[in-house]
Amino acid sequence: MSVLVNKNSRVIVQGFTGSEGTFHAEQMIEYGTNVVGGVTPGKGGQKHLDRPVFNTVKEAVEQVQANVSIIFVPPAFAADAIMEAADAGIEVIIAITEGIPVRDMMYVKEYLKGKKSRLIGPNCPGVITPGEAKVGIMPGFVFKPGKIGIVSKSGTLTYEAADQVVKAGLGISTAIGIGGDPIIGTSTKEAVELLMNDPETEGIIMIGEIGGGMEAEAARWIKEHGTKPVVGFIAGQTAPKGRRMGHAGAIVGGKDDTAQAKMKIMAECGIHVVKSPAEIGSTMVEALKAAANA
Amino acid sequence: MNIHEYQAKDILKRYGVRVQEGIVADTPAKAVEAARQLQEETGTEIFVIKAQIHAGGRGKGGGVKLAKSINEVEEVAGKILGMQLVTPQTGPEGKKVHKVLVAQDVYYPGPSEPKEYYVSILLDRATGQDVIIASSEGGMDIEEVAEKHPDKIVKEFIDTRVGLRDFQARKVAFALGLEGDAMKEMVKFIKNLYRAYVDIEASLVEINPALKTSDNKIIAVDAKVNLEDNALFRHPDLAALRDITEEDPAEVEAGEYGLNYVKLDGNVGCMVNGAGLAMATMDMIKLSGGEPANFLDVGGKANAQTVEAGFRIILKDPNVKAILINIFGGIVRCDRVANGVVEAYKNIGEINVPIIVRLQGTNAEEAAKIIDESGLKVYSAITLQEAAEKVQKAVKGELA
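Only a predicted model underlies this, so the values are computations on that prediction, with no experimental measurement involved.

Each value, and the rule that gives it
- Residues numbered from 1 in each chain as written.
- Chains lettered and ligands numbered in written order.
- Predicted model: local features only at pLDDT ≥ 70, side-chain atom pairs only at ≥ 80, totals over all residues.
- Heavy atoms only, no water.
- Salt bridge = Lys/Arg side-chain N within 4 Å of Asp/Glu carboxyl O.
- Helix = DSSP H or I, 4+ residues; strand = E, 2+ residues; numbered from the N terminus.
- Buried < 20%, exposed > 50% of the residue type's maximum accessible area, 1.4 Å probe, protein only.
- Phe/Tyr/Trp six-rings, centres within 6.5 Å; stacked < 30°, edge-to-face > 60°.
- Lys NZ or Arg CZ within 6 Å of the ring centre and 35° of its normal.
- Contact = heavy atoms within 4.5 Å.
- Core = buried A, V, L, I, M, F, W, Y, C linked by side-chain atoms within 4.5 Å.
- 1 Å grid on protein atoms, 1.4 Å probe; cavity = no way out; pocket = protein on both sides within 12 Å on 5 of 7 lines; lining within 4 Å.
- Points joined across faces, edges and corners; volume = space filled by probe spheres on them.
- Nonpolar A, V, L, I, M, F, W, Y, C, P; charged D, E, K, R; others polar.
- Expected span 1.5 Å × (residues − 1).
- Arc of directions from axis to C-beta.
- Buried area = accessible area lost by both parts, 1.4 Å probe.

## Digging into the pattern of salt bridges
Charged atoms that come close allow side chains of opposite charge to pair. Residue and element names in this part refer to chain A. As enumerated under the stated definition, the model contains 37 salt bridges over all chains in all. When the shortest N-O distance is used, the salt bridge between Lys147 and Glu202 registers 3.4 Å. Note that Lys147 is positioned in strand β10 (residues 145–152) and Glu202 in the loop between α6 (188–196) and β12 (203–209), a separation of 55 residues in sequence. On the accessibility criterion, Lys147 (45% relative accessible area) is partly exposed.

## A word on the packing of aromatic side chains
A full pass over the atoms with the stated rule returns 2 aromatic pairs over all chains. Between A:Phe143 and A:Tyr159 the ring centres are 6.3 Å apart and the planes differ by 75°, which places this aromatic pair in the edge-to-face class. With A:Phe143 in the loop between β9 (133–136) and β10 and A:Tyr159 in helix α5 (residues 156–167), this residue pair connects regions lying 16 residues apart in the sequence. Here A:Phe143 falls in the buried class, since its relative accessible area comes to 3%. On the accessibility criterion, A:Tyr159 (8% relative accessible area) is buried. When the centroid spacing of 6.1 Å and the interplanar angle of 65° are considered together, the rings of A:Tyr159 and B:Phe328 count as edge-to-face. Separated into two different chains, A:Tyr159 in helix α5 and B:Phe328 in strand β16 (residues 322–329) make up a pair that spans both. Each of the two residues, A:Tyr159 as well as B:Phe328, counts as buried. Site record: aromatic cluster; members linked through ring pairs are A:Phe143, A:Tyr159 and B:Phe328. A cation sits over an aromatic face here: A:Lys115 above A:Tyr111, 3.9 Å from the ring centre. A cation over a ring is seen here: B:Lys115 above B:Tyr117, with NZ or CZ 5.1 Å from the ring centre.

## Points about the environment of B:Ala254
All names here are of chain B. Inspection of the secondary structure puts Ala254 in helix α8 (residues 249–256). Owing to a relative accessible area of 0%, Ala254 belongs among the buried residues under this scheme. Here the alpha-carbon distance between Ala254 and Ala223, two residues 31 residues apart in the chain, equals 29 Å. In this structure Ala254 touches Leu259, Tyr261 and Ile313, once residues within four positions along its chain are discounted.

## Considerations on the nonpolar core
Grouped burial of nonpolar side chains is what soluble globular proteins tend to show. Membership of the largest hydrophobic core comes to 97 residues, with the highest contact counts inside it found for A:Ile70, A:Ile94, A:Phe143, A:Ile205 and A:Met245. For this core, the leading source of residues is helix α9 (residues 275–287) of chain B, giving 8 residues. Residues in contact with A:Ile70, not counting those within four places in the same chain, are A:Val11, A:Ile12, A:Val13, A:Gln14, A:Met28, A:Ile94, A:Ile96, A:Val135 and A:Gly136. Ranked by size, the runner-up nonpolar core spans 72 residues in total, among them A:Ala79, B:Leu178, B:Met183 and B:Val205.

## Quick word on the layout of surface pockets
Residues and elements named next belong to chain A. Of the voids in this model, the second largest pocket is the one considered here, and its volume is about 260 Å³. Lining of the second largest pocket is provided by 17 residues; of these, Gly15, Pro41, Val73, Phe77 and Ala81 occupy positions nearest its centre. Broken down by secondary-structure element, the contributors of at least two residues to the lining of the second largest pocket are α1 (19–31) and α3 (75–87). Looking at the lining of the second largest pocket element by element, the count peaks at 4 residues for α3. When its residues are assigned to classes, the lining of the second largest pocket shows 7 nonpolar, 7 polar and 3 charged.

## Quick notes on empty space enclosed by the protein
All names here are of chain A. By the definition in use, this model includes 2 cavities of 30 Å³ or more. Approximately 40 Å³ is the volume attributed to the largest cavity. Among the residues making up the lining of the largest cavity, the classes are represented as 6 nonpolar, 1 polar and 2 charged. Empty space within the second largest cavity amounts to approximately 30 Å³. In this structure, the second largest cavity is lined by Pro125, Gly126, Met138, Phe143, Thr158, Tyr159, Ala175, Ile176 and Gly177. Those elements that place two or more of their residues in the lining of the second largest cavity are α5 and β11 (172–177).

## As for α3(A)
Residues and elements named next belong to chain A. Look at α3: 19 Å from first C-alpha to last across 13 residues, which is about the 18 Å you get at 1.5 Å a residue. Among all positions in α3, only Ala78, Ala79, Ala81, Ile82, Ala85 and Ala86 are buried. The arc that holds every buried residue of α3, seen down its axis, measures 160°, which confines them to one face. Counted as exposed and oriented over 90 degrees from the buried face of α3: Phe77, Asp80 and Asp87. Against β1 (11–14), α2 (57–64), β5 (68–71), β6 (92–95), α4 (102–112) and β7 (118–120) lie the buried residues of α3. One or two positions beyond α3, positive phi appears at Gly89, with a value near 90°.

## Digging into helix α1 (residues 5–14) of chain B
All names here are of chain B. With respect to burial, α1 is a largely interior element, 7 of its 10 residues being buried. Listed in full, the buried residues belonging to α1 are Glu5, Tyr6, Gln7, Ala8, Lys9, Ile11 and Leu12. Immediately downstream of α1, the backbone of Gly16 shows phi near 85°, a positive value.

## Let's talk about the interface of chain B and chain A
Taken residue by residue, the interface counts 46 residues in chain B and 59 residues in chain A. Both sides together, the interface formed by chain B and chain A hides about 4000 Å², and carbon and sulfur atoms give 60% of it. Taken as a group, B:Arg125, B:Phe328 and B:Ile331 account for 17% of the area that chain B buries against chain A, more than any other trio of residues on that side. Our count for the chain B to chain A interface comes out at 6 salt bridges. The residue B:Glu143 makes a salt bridge to A:Lys241 at a minimum N-O spacing of 3.2 Å.

Structure representation (structure tokens):
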């Protein structure tokens, strides 16, 4: 098992024929992801990368039974693309697009209420279940199959963590890039919960950053319900107050937004908190040993 | 994006928000002219001269002063214009004042006592909804109020689908202890503020203080409006309000190259791909005994041009004693990035600080070889731990 995506996922690409969509669709196909087609309004009926192009997500669901969609649509139209995927009944919607206006995402959040779709992102690297499906923009070779789940707000920092985990002799069950925007579809806590319930995941790495209260929420949940060791890192211990550090959501407003505050709560909730990003892999190894001996 | 008080007030007025009237001026002579015009329009006898910089706490730094008559305006404005204003939010070097707002007096005597309130609207990230935050403790820093008098803070969450309802604005006004005309005025004030907030896609509208005048009007005495960067493409008129003189010149230049740069006060510069890894790299520099000199995300494509631009921007900072380049090459190949680094170095010529290049991912070994054989003052690393150790040596001056 694994979470969110696997070899049976039937993936479509929204924004299929654009340059980003084309490049990453090719990479995903090469990885072995079951890409069954794509959507570009007005280009329905054509073939692209040997796969059918549809005008609407609904057609893709009806004709090729798509159940996962990855979105590379530009920011101005991305919220609409997410809602279209939800309307068509897509189970897992992964929005890569960076720069979607907050108000658009507020409407998306409302629109998704009561629907069965799960949104991952936006502004995220996607989701990978190594050896089965890569639905994202991450370099696939870094992620080797194994038993560690990763939840992260950041792209390259996820690759860094995965690389350390793999080189430490462990592998990855599923890595979930939840995104660095102020409003995202799946919170840290929800992603951790998915991995906690996954029988193939034995340990979880939780990577957060300054801004918002999602890591604290996840930590409290872990304290109550956690059954597996969790290693945590928060990027931005040296970030100044009031400055946006690259990601739209990475900004220290109040005192709860700081890395220090989050790390404190995480440690209090039993998470193995690392100060240095160089120690994520080795700490996971130690945490697994400690859990086995407990 | 931040804008000035005078710009914020101009916008809010268009939505029917009552503001303390004022006219902006960039010389003492123009300030006098502004005062004369303001006197004609509003009848005010006293003038408030307010420095226009992108930072709060201006009063504490001497950036807000009273001219008790029109005769004092020139002198007061002359003192503020051109000053290097230091406030709790500017940092020790302060910010140069290029403009002042000559504003009317709104604390005039009348049938009731004037009283200051606090009103703001922003996104509550936990719920994904907008929230109105209000307090009877106006004029104070809201974080301080939250800490000392949490009971004096009113929060009202707004349903995204239906927007702010009248009863909610009434709830807030009554909770602030207002009654009669002042309550009705506050309801109007909040509703108009919300209309503006939604329409201009602000990330924050903060009125502190919102004054109940002696004749029961509600007036925005100060106004802070932050616009959401990702929505500016829909608002070209608002995007045009950007004042780059308020920004760090190196940050402006970095933006032109598509680099995301934030200047800090440390001694180790860094250049990284990805925002999360960039923050993590800064943290690692600190743990290695250095202080990060900047945040710099070169984004998805780290090539010779972006690396060279990054070098030039980091090297403008005389405090930088070493530079760490940290690239996790996924789809970008490390050997290409390494060649880019060498090429950029040669284009710049002599660089007098050690450079540590940590390249991990596709073709990392080849990349390390390219760096080591370049003959330049560049040191390679593959793991993050190695990079940290080399930074530590560089900080101590031990990197040969």
